[in-house]
Amino acid sequence: MAFRKKADLILAYKPDIVIIQECEHPDKLKFSSNTKKPTDILWFGANQNKGLGIFSYSDFKFKLLKTHNPDLKTIVPIAVKGKQYKFILYGVWANNPDDPDGQYVEQTWKAIHHYNKQLKRKNTMLAGDFNSNTIWDRKRRAGNHSDVVKHLEETGIYSAYHLHHKQIQGKEEHPTFYLYRHLNKPYHLDYCFLSEDMANNIQSVEIGDFDFWTKYSDHVPVIVTINDEG
């Protein structure tokens, strides 16, 4: 929360696009005078203090796709277009407490089936807080994290972190979330999934350092750099 107070921390990395969960509505984002302002913003949510914010700090412009299903709340399909590069971004904050089928991974499971046809296209990215991990898979129940990963991989979409760092789902060496900001309660919940053509052009995948970021959040950033000239 309070992205307005923390923007400079992530802007030090000179990002093109930033995806922020628990983000205030743009009307509440009063950045300091010295903070670089975004060139485009999309925001989704029912709570003006906690929604999904997607920010451009480059020439990328956003357009919500007509295929958007508002029932999926904060998993949204966006056309991202720059002067030299364009792709489809599914901004993710898997969190819908009003859905009796399930609040977290169930939202992602529903989304990848609703958007299944579109996910088969090239230049596709799903990124954000998925609130799920293989360690919490429920046996004999479709729609767990492993099912999500398998479905995406069968569609030709792969986790940038796991691919780049040669990691196994559920056994990640680099956590992205620390419950209660405690070092001894680490989990990997945040992901960037890429279609194969984008995944082939991964330059780097960085996970934020606990010691630095714990002062500001229980999550650390996942920073993915893609070579758009590949």
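Basis of the calculations
- Residues numbered from 1 in each chain as written.
- Predicted model: local features only at pLDDT ≥ 70, side-chain atom pairs only at ≥ 80, totals over all residues.
- Heavy atoms only, no water.
- Pairing = 2+ DSSP bridges.
- Helix = DSSP H or I, 4+ residues; strand = E, 2+ residues; numbered from the N terminus.
- Axes fitted to C-alpha atoms, helices over the stretch in contact; angles between N-to-C directions.
- Buried < 20%, exposed > 50% of the residue type's maximum accessible area, 1.4 Å probe, protein only.
- Contact = heavy atoms within 4.5 Å.
- Core = buried A, V, L, I, M, F, W, Y, C linked by side-chain atoms within 4.5 Å.
- Phe/Tyr/Trp six-rings, centres within 6.5 Å; stacked < 30°, edge-to-face > 60°.

**Regarding the sheet that holds strand β8 (residues 157-159)**
As summarised here, the arrangement of the six strands in space is β4-β5-β6-β7-β11-β8, forming an open sheet in which the pairing is mixed. Lying at the two open borders of the sheet, with one neighbouring strand each, are β4 (61-64) and β8. Going across the sheet, the axis of each strand differs from the next one's by a mean of 25°, ignoring polarity.

**Section: the environment of I223**
Within the secondary structure, I223 is located in strand β13 (residues 222-226). Judged by its relative accessible area of 17%, I223 falls in the buried class. Between the C-alpha atom of I223 and that of K63, which follows or precedes it by 160 residues, the distance is 23 Å. If we ignore the near neighbours within four places in the chain, the residues touching I223 are Y13, S204, V205 and E206.

**Focus on the nonpolar core**
Within the largest apolar cluster, 24 residues are counted, with the highest numbers of intra-cluster contacts made by I54, I78, V80, F87, L89, M125 and L194. Residues A94, Y115, L119 and F130 belong to the second largest nonpolar core, which totals 19 residues.

**Considering helix α2 (residues 105-114)**
Within the span of α2, buried status applies to V105, E106, Q107, T108, A111 and I112. In this structure, the buried residues of α2 make contact with β5 (75-81), α3 (116-119), β7 (124-129) and α4 (145-154).

**Thoughts on the packing of aromatic side chains**
To describe a pair of aromatic rings, one takes the distance between the centres and the angle between the planes. Under the defined criterion, the tally for this structure stands at 15 aromatic pairs. Centroid distance F3 to F31: 5.9 Å. Interplanar angle 90°. Geometry classified as edge-to-face. Of the two residues, F3 is situated in helix α1 (residues 3-11) and F31 in the loop between β1 (17-23) and β2 (40-47); the sequence distance between them amounts to 28 residues. Looking at F3, the relative accessible area reads 5%, which means it is buried. With a centroid separation of 5.3 Å and an interplanar angle of 55°, the aromatic rings of Y90 and Y115 are classed as tilted. Pair noted here: Y90 is in strand β6 (residues 86-93) and Y115 is in the loop between α2 and α3, with a separation of 25 residues, a long-range link. Counting every residue linked through ring pairs, the aromatic cluster contains Y13, F212, W213 and Y216.

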